[in-house]
Each structure stands twice: as C-alpha cells, then as structure tokens.
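# Chain and residue survey
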Amino acid sequence: MNDERRALPAVHRILDHPTIAPYEYLAGRVALHDAANAELERARAATPVPSFDEVIAHVGERLEVLSAQELHRVINATGILLHTNLGRAPVAKRAFEGASAIGAGYSNLEFDLIGGERGSRYDRVTALLREITGAQDSLVVNNGAAAVLLILDTYARGREVIVSRNQLIEIGGGFRLPEVLARSGAKLVEVGTTNRVYLNDVANALSPQTALIMRSHPSNYRIEGFVHDVRGDELAQFGGRVGVPVVEDLGSGALVDLREYGLAHERTVQNAVSDGISLVAFSGDKLLGGPQAGVIVGTCAHVARLRSNPLLRALRVDKITLAILAETLRLHRTRESRAEIPFYAMLAVSPEVLRARAQRYADALDGARVVEMDGFVGGGSLPGERIASIGIALQPPSADALAARLRRNRPAIIARVHDGRVLFDLRTVAREDDEFLLAALRRTVK
Ligand SMILES: *Cc1c(COP(=O)(O)O)cnc(C)c1O
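Residues numbered from 1 in each chain as written. Predicted model: local features only at pLDDT ≥ 70, side-chain atom pairs only at ≥ 80, totals over all residues. Heavy atoms only, no water.

### With respect to the sheet that holds strand β13 (residues 294-298)
Worth spelling out the cut-off: Paired strands, as defined in this entry, are two strands with at least two bridges between them according to DSSP. Each helix is a run of H or I in the DSSP string that is no shorter than four residues. Each strand is a run of E no shorter than two, and both are numbered from the N terminus. Here an angle of 0 to 180 degrees is reported between the N-to-C directions of two axes, which are lines fitted to C-alpha atoms, with helices fitted over the stretch in contact. Any two residues whose heavy atoms approach within 4.5 Å at even a single point are treated as in contact.
If you walk across this open sheet you meet the 7 strands as β5-β13-β12-β11-β10-β6-β9, and the pairing is mixed. Pairing within the sheet leaves two strands with one partner each, and these edge strands are β5 (137-141) and β9 (187-191). Here the average twist between neighbouring strands, direction ignored, is 25°. Here strand β11 (residues 246-251) pairs with strand β12 (residues 279-283) via 4 bridges, running parallel. Considered in β12, the bridge of D249 is made with A281. In the packing of helix α8 (residues 144-156) onto the sheet, the strands contacted are β5, β6 (160-164), β10 (210-216), β11, β12 and β13, and the crossing angle to β10 comes to about 160°.

The following block contains the structure:
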C-alpha cells in the first residue's frame, strides 16, 4: 500500500463530517456506512487519489440521491394548482388540524357512541354530502378509480355496460376506462361515434344483458367542432324508463359552480344528482380540494347495493382521510369558509396581489423580470382552461441546470422551464413561502 492509498480517510471521519452527519436521521446509520464504503472503494481505484474534500462531496452526493427519494415538502411554482405529481390538492390547515386528533388517538370510527354498538365508518360523511349535494346517500373509498371499480364490479360482472364512444377515457396513471371495465368482468358496449352520440345510439344498444349505462367525464381532453352529446338528464330519464341504472364517473367533482371563480362552467356533483343520475363518482383531491378519496353519492337503494359488495372491504378508506374529508366538506358550506381550502384560496388571489409579490422578487433579484403567464387547474380538470397569472422569469445560462439546483432545496422548489427561461408562477406559491423562495433564489442564482 503506498502513501496515497493510506491517505484515504477512515469511515468514522466521513460519517462525523458536518456535511454527512445530518443525513443520518433521514437515511439511517447503515445507509451512511454503505455510502462511505462505496465511495472509499471507488477512491481506492482512482488515480489520482481524491482529496478528503472530494470524498466528502461524493458521499454527500450519494446520500442526496438517497434522501431525495423520501417524501419532502415542495414549493410548487409551476402554476398548476392540482399537480398530480406534486400530491394534487393541498389540504386546508383547519381540516388537517381537526384530523390530527383523530389520527393520533382512538376514535369512534366504527363505533356508535349513542348505542354503544358497532357503527359504520362509511356513514361518517353522509350527512354532509346529503346536505351539500342533495343526494340521498353516500359511500367513500380510496380514490376515484376504486369508486368506478366498485360500481362496475357490483352491477356489471358478466354483463354489458353502455358507454359513449366519445367518453372512453384514459386518465394518467394507467386508468383507462375500457380496461377497468374489462377487469371488472363487464362487457363494454360502445355507442355513437368519436364526435357525435345520440340518445338513439344508446337505445339501440340496449339488450337484456345491459347492466348499466355509464357516463364519464372527459377530464383531460376536449372534442370541439361537429359534436353532439346526450345530456345527463336525458340519459337519466331514459334509464328510468327502461329500468337500467345510469351512473356517472364525474372525475373532478366540483361542489361549486366554478364560474364564481372566473373559470369555465364545470358540471357539478349537484348537477349530476339533480339530473337523476343513480350513482355519481368523483375524487376527493381534485376540485373538492381534500384528501385522496373516491366519493360516491346516489340513491339509497343503489348505494345499499354497493355497501353489500365484499370488494368494499379491500377499498376501504382510512380514519385520517375520513376526518380530513369531513372537515373539507364543512368548509364548502359557504364561500367565506371555502376560502380556507388552498385550491380556492389560490384561485381567488387577485392580479394586483400577485403583481406586488412578483415585483418584490424582481427588486431583490438580479435579472428577474415580472411576467404575465398562464396557470392551469390540472389534475385532469378543466383541460385547456388557462388561469391568467403573474410571476417572475429568470434567464440563466442554463435553465435546466438552475431548475435542477432549485429542486435540491429543502423544501424543494419546482419551477417551469420554457424557452430557456425558468418561470415561477406565484399563484401556486403560498404567501408564507415568499421569504424562503426569495432567499433560496438569491443563493442559487449566481
Ligand atoms: C381523475 C379521474 C378518475 C380517477 O380518480 P382518482 O381519484 O385519481 O383515482 C376517474 N375518472 C375520471 C373521469 C377522472 O377525471
């Protein structure tokens, strides 16, 4: 062994180094050891032999890669309000606080406090959903996909489901309606053409094997031009006449008319219920602004059938989710309280406020410019609908390199890269994160 080889540091000197030691809590002692040993092995084979500082930097890099795989808080400067990759809807603080006592302790999740007997977890939010949507009954499962699966499994196993050809959707994450249908043992009967579907198409497809007529929300695309669709109320009336339940996969599940927030009209849960749809399914973490969940509302008789399906046990929802969902639904009761739900708070921020915030960044940062930009609702809701917004633009030598450095902050900062610029839409950045973001940008933009 020559002198240079002997100069490699001992493992404990690496692990105790102030750059490395802080990783121990997150990654664990074993991972630190493994990273140090792997790096020392590499260093032994390298010429020239790396310096101590280089070894530390490389071990730090290995641990950084490891720790980036953990869940971290992120500052979302993309302007996409419901960003599925960033956890979709942020939850209202009040909803989270209310849920924390339930989650950290015991609760009456399946216990009837009056009768002292076993109760049903699924009834927890029924009163709220009845009040808000006008539906008779409700059921909550893990997510929207589970809600659709439960409905199809309950009604359509070995039977036929009529779906309009213009609604055979694929949403992100591998959810394709035709495949979910096949999976649940149902036979898909497509009707109409890609752009035009009439009630007559549905009527002609009816057979003794028809279990359901299904409507699905084309969440993430829009067909324009020479189009025709069957209205929800027409379909529900038709289903009633021929004795076939009409179900709707509403997807984003708005509980309020989004025109109140300056967006295009989006069919609401209330619209579907008052149209007479038998069962309506939607997500908890899209336009509802709550936790990941799949909500089903409908008539007592139909929800009762879903409740008796043994599959429900595999899709059942957790107490923390139910607690957050209940609090979020309470906040939906008035426009004032709805403003506590981050999604609606972000929608309501005025251009003046955004401009003033952006100006502060521009004043404090070399080369930063205030720019107008378009944000999006995201999460497969209101495709193509732009939300006029304001933020800042930076034009560094390499936009991708700056974006990568910003992702290394904790909380990580996620910006948009476009045309050689890094764009920060301030609508999706919480106001209380401005100080952190500004400080991080001043450090990083050099
Ligand atoms: C988002 C969506 C789903 C899936 O809901 P998840 O909660 O993501 O499982 C199903 N159908 C439609 C129409 C959707 O938009």
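### Observations concerning helix α11 (residues 232-242)
Note: α-helices contain 3.6 residues per turn, so residues at a spacing of three or four share the same orientation. Threshold: When a residue's accessible area, from a 1.4 Å probe over protein chains only, is under 20% of the maximum for its type it is buried; when over 50% it is exposed; and in between it is partly exposed. The directions considered for the arc run from the helix axis to the C-beta atoms.
Buried within α11 are the following residues: G232, L235, A236, F238 and G239. Along the axis of α11, the buried positions cluster into a sector of 160°, meaning they face one direction only. Turned more than 90 degrees away from the buried face of α11 sit Q237, G240 and R241, all of them exposed. Considering only its buried residues, α11 is in contact with α10 (199-205), β10, β11 and α12 (269-275).

### Some points on the side chain of Q167
The test is simple: Here a polar contact means two N or O atoms within 3.5 Å. Within protein one must be a hydrogen donor candidate and the other an acceptor candidate, and residues neighboring in sequence count only if both atoms are side-chain atoms.
Turning to its location among the elements, Q167 is positioned in the loop between β6 and β7 (170-171). Relative accessible area serves as the criterion here: at 5%, Q167 is assigned to the buried category. Within the local environment of Q167, its side chain forms a polar contact with the backbone nitrogen of S216, the two atoms lying 2.9 Å apart. The residues contacting Q167, other than those within four sequence positions of it, are L177, M214, R215, S216, Y221 and D229.

### A few points about the pattern of salt bridges
Definition in use: Put simply, a salt bridge is a Lys or Arg side-chain nitrogen that is within 4 Å of an Asp or Glu carboxyl oxygen.
One pass over the structure, following the stated rule, counts 30 salt bridges. For the salt bridge of E435 with R360, the shortest nitrogen-to-oxygen distance reads 2.9 Å. In this pair, E435 is assigned in helix α19 (residues 434-444) and R360 in helix α17 (residues 351-364), connecting sequence segments 75 residues apart.

### As for unusual backbone geometry
Here T47 and P48 are connected by a cis peptide whose omega angle stands at -10°. By secondary structure assignment, the location of P48 is in the loop between α4 (29-45) and α5 (52-67). Going from R410 to P411, the amide bond is cis rather than trans, its omega being -5°. Along the chain, P411 falls in the loop between α18 (399-407) and β16 (412-414). Located in the positive-phi region is D419, a residue other than glycine, with phi close to 55°. Examined against the element boundaries, D419 turns out to sit in the loop between β17 (416-418) and β18 (421-425). Relative accessible area serves as the criterion here: at 67%, D419 is assigned to the exposed category.

### Re the packing of helix α6 (residues 93-104) against helix α14 (residues 319-331)
Keep this limit in mind: In this scheme, a crossing is called left-handed if the near helix is turned counterclockwise away from the far one by less than a right angle; it is called right-handed if the turn is clockwise. When residues are sorted by character, Ala, Val, Leu, Ile, Met, Phe, Trp, Tyr, Cys and Pro go into the nonpolar class, Asp, Glu, Lys and Arg into the charged class, and all the rest, Gly among them, into the polar class.
With their axes 8 Å apart at the nearest point, α6 and α14 run at an angle of 145° to one another. Note on packing geometry: the crossing formed by α6 with α14 is right-handed. Residues R94, A95, F96, A99, I102 and G103 of α6 form the contact with α14, whose own contacting residues are K319, I320, A323, I324, E327, T328 and L331. Within the contact of α6 with α14, the residues separate by chemical class into 8 nonpolar, 2 polar and 3 charged.

### Observations regarding the nonpolar core
Stated precisely, the cut-off is as follows: Residues belong to one nonpolar core when they are buried, are Ala, Val, Leu, Ile, Met, Phe, Trp, Tyr or Cys, and are joined through side-chain atoms within 4.5 Å.
I213, V280, F282, V297 and L329 are the most contacted members of the largest nonpolar core, which totals 37 residues. At 4 residues, the largest contribution of residues to this core is made by α14. Grouped together as the second largest cluster of nonpolar side chains are 31 residues, A156, V163, I169 and F175 included.

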